[in-house]
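Below, each chain spelled out in residue letters.
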Amino acid sequence: MIRFENVALRYDEGEEVLRDVNFHLLPGSFYFLAGPSGAGKSTLLRLLFMSLKPTRGTVHLFGKNTSNLQPEDRAKTRRRIGIVFQDFRLLDHMTTWENISLPLRVHGRKPHEYRDDVTELLKWVGLGNRMDAYPPVLSGGEKQRAAIARAVIGKPELLLADEPTGNVDPQMARRLLRLFVELNRLGTSVIIATHDYQLMRQFGAPRLQLERGTVQIVG
Ligand SMILES: Nc1ncnc2c1ncn2[C@@H]1O[C@H](COP(=O)(O)OP(=O)(O)OP(=O)(O)O)[C@@H](O)[C@H]1O
């Protein structure tokens, strides 16, 4: 499913942020991605989402070397991934409801097929009264919940989330984590970058621990 082989990454002329990263994740796995601020968690997620290419080594995703994918295949592969960016990246000219339904539209689904699912999910993440609001008027926590809903609505094969609970209270964080656990139960592989060791302990999943540029699997 995911295989990192001797991966290194440097930005421009800087030092290597990641080096000698080697790990292999099976389909259906659930991992936290942990490490101090600046350790390279977002960088590792960017490699998986193919917004960066490794400086050395190879990243294999769904059985393919991501560095060799042509733009069209890269776009197709990305459609198999749900992602929650740290800065949310909602489309400001679309309502919350439209933002969340976008992945389904991209997959060619018709509104009557997904209308109820989108509404139900929005209610579940506490945005039932914000469905017609545009992202610029949402609070940080509301944007984060909308970004999570957009990432999970299409039941992707792989879910990547960068600090998905950083802007919500602990109770909502647990509720959102339960959403990821449920998605995982239905077959999605999940990787969640977080600083929140309490949440990691509560959910007890193994973690990819980033330290000094390299990854250890813990637990
Ligand atoms: N676009 C970039 N250009 C140059 N350096 C970058 C860039 N993005 C990140 N870095 C550097 O790479 C290192 C790893 O950053 P990254 O954002 O991956 O860490 P992180 O573990 O996600 O941090 P945080 O927990 O604070 O979000 C940091 O030293 C950062 O300054």
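Here the residue index of a chain counts from 1 through its sequence in written order. The model is predicted, so local features are restricted to residues of pLDDT at least 70 and side-chain atom pairs to those at 80 or more, both for listing and for counting; the totals for chains, interfaces and linings are taken over all residues.

## A few points about the overall build of the protein chain
Stage number 1. Only DSSP runs of H or I covering at least 4 residues are called helices, and only runs of E covering at least 2 are called strands; the numbering of each starts at the N terminus. A tally of helices and strands in the protein chain yields seven helices and ten strands.
Stage number 2. Its C-alpha atoms give the protein chain a radius of gyration of 17 Å, within 12% of the compact-globule value 17 Å for 219 residues.
Stage number 3. Principal axes of the C-alpha set define a box for the protein chain whose edges measure 45 × 40 × 35 Å.
Stage number 4. Put simply, a residue is buried when 20 or more other C-beta atoms lie within 10 Å of its own C-beta and exposed when 12 or fewer do; between those, it is partly exposed, and each C-beta is set from the backbone. Residues classed as buried in the protein chain amount to 34% of the 219 residues present. For this measure, only C-alpha atoms enter the radius of gyration; the expected value for a globule follows 2.2 Å times N^0.38, where N is the number of residues.

## Things to note about the site of the ligand
Stage number 1. We call a residue near a molecule or strand if the C-beta atom, set from the backbone, is within 6 Å of it. Looking at the ligand, the residues that line it are Y11, G14, V17, G35, S37, G38, A39, G40, K41, S42 and T43.
Stage number 2. Considering each element in turn, the shell around the ligand owes the most residues, three residues, to helix 1 (residues 41-48).
Stage number 3. Considering only residue class, the shell around the ligand consists of three nonpolar, seven polar and one charged. Three classes are used: nonpolar for Ala, Val, Leu, Ile, Met, Phe, Trp, Tyr, Cys and Pro, charged for Asp, Glu, Lys and Arg, and polar for all others, with Gly counted as polar.

## As for unusual backbone geometry
Stage number 1. In this structure, F62 is a non-glycine residue whose phi angle is positive, near 50 degrees.
Stage number 2. When you line up the elements, F62 lands in the loop between strand 4 (56-61) and strand 5 (64-65).
Stage number 3. Its 14 C-beta neighbours within 10 Å are what place F62 among the partly exposed residues.

## Things to note about the pairing of strand 7 (residues 158-162)
Along a regular strand, successive side chains alternate from one face of the sheet to the other.
Stage number 1. Burial analysis of strand 7 places five of its five residues in the buried class, the great majority of the element.
Stage number 2. A two-sided burial pattern is seen for strand 7, the buried positions comprising L158, L160 and D162 on one face and L159 and A161 on the other.
Stage number 3. Think of it this way: DSSP has to see at least two bridges between two strands before they count as a pair. Pairing of strand 6 (residues 81-84) with strand 7 involves four bridges; the strand directions are parallel. For G82, the partnering residue across the bridge sits in strand 7 and is L159.
Stage number 4. The sheet contact formed by strand 7 and strand 8 (residues 189-193) spans five bridges and is parallel.

## Considering the packing of helix 3 (residues 96-106) against helix 5 (residues 140-152)
Helix-helix packing is characterised by the crossing angle of the two axes and by the distance between the axes.
Stage number 1. Lines fitted to the C-alpha atoms define the axes, with helices restricted to the stretch that makes contact. Angles between their N-to-C directions range from 0 to 180 degrees. Packing of helix 3 against helix 5 leaves a shortest axis separation of 7 Å and a crossing angle of 30 degrees. Classified by the angle their axes make, helix 3 and helix 5 are roughly parallel. Crossing geometry of helix 3 relative to helix 5 is assigned as right-handed. Residue-level inspection shows T96, N99, I100, L102 and P103 of helix 3 in contact with helix 5, the latter providing A146, A149 and R150. Just so you know how the angles are binned, under 35 degrees is roughly parallel, over 145 roughly antiparallel, 65 to 115 roughly perpendicular, and the rest oblique. Helix crossings fall into two classes, left-handed where the near helix is turned counterclockwise from the far one by less than a right angle and right-handed where it is turned clockwise. By the convention adopted here, residues are in contact when the distance between their C-beta atoms, placed from the backbone, does not exceed 7 Å.

## Things to note about the sheet that holds strand 9 (residues 207-211)
Stage number 1. Pairing is mixed across the open sheet formed by six strands, whose spatial order is 6-7-8-3-9-10. If you trace the sheet from one side to the other, it starts and ends with strand 6 and strand 10 (214-218), each paired once. Pairs of neighbouring strands in the sheet enclose a mean axial angle of 20 degrees, with direction left out of account.
Stage number 2. Of the strands in this sheet, strand 3 (30-34), strand 7, strand 8 and strand 9 touch helix 1, which is tilted by about 150 degrees from strand 7.

## Some remarks on the nonpolar core
Stage number 1. Ranked by internal contacts, the top residues of the largest apolar core, which has 50 residues, are L33, I148, A149, A151, L159, L160 and I192.
Stage number 2. When residues in this core are grouped by element, the largest group, six residues, is from helix 5.
Stage number 3. Sequence-distant contacts of L160, that is, excluding residues within four places in its chain, are made with L45, L48, F49, I81, I83 and I191. Throughout this description, the term nonpolar core refers to a group of buried Ala, Val, Leu, Ile, Met, Phe, Trp, Tyr and Cys residues whose C-beta atoms join them within 7 Å.

## Some remarks on helix 1
For an α-helix the count is 3.6 residues per turn, leaving residues at separations of three or four pointing the same way.
Stage number 1. Buried within helix 1 we find K41, L44, L45, L47 and L48. Buried residues of helix 1 fall within an arc of 155 degrees about the axis and therefore sit on the same side.
Stage number 2. Phi turns positive one or two residues past the end of helix 1, at M50, with a value near 65 degrees. It is the directions from the helix axis to the C-beta atoms that the arc portrays.

## Focus on the sheet that holds strand 1 (residues 2-10)
Stage number 1. Ordered in space as 2-1-4-5, the four strands form an open sheet in which the pairing is antiparallel. Sheet topology places strand 2 (16-25) and strand 5 at the edges, where each strand pairs with a single neighbour.
Stage number 2. With six bridges joining them, strand 1 and strand 2 adopt antiparallel strand pairing. Directly across from I2, in strand 2, lies its bridge partner L25.
Stage number 3. The strands touched by helix 1 within the sheet are strand 1, strand 2 and strand 4, with strand 1 carrying the most contacts at an inclination of about 120 degrees.

## Let's talk about the confidence of the model for the protein chain
Stage number 1. Per residue, pLDDT measures the predictor's confidence, with a range of 0 to 100. Averaged over every residue, the pLDDT of the protein chain is 95; the share at 70 or more is 100%.
Stage number 2. Both scores are given for the predicted complex: the pTM is 0.95, the ipTM 0.98.

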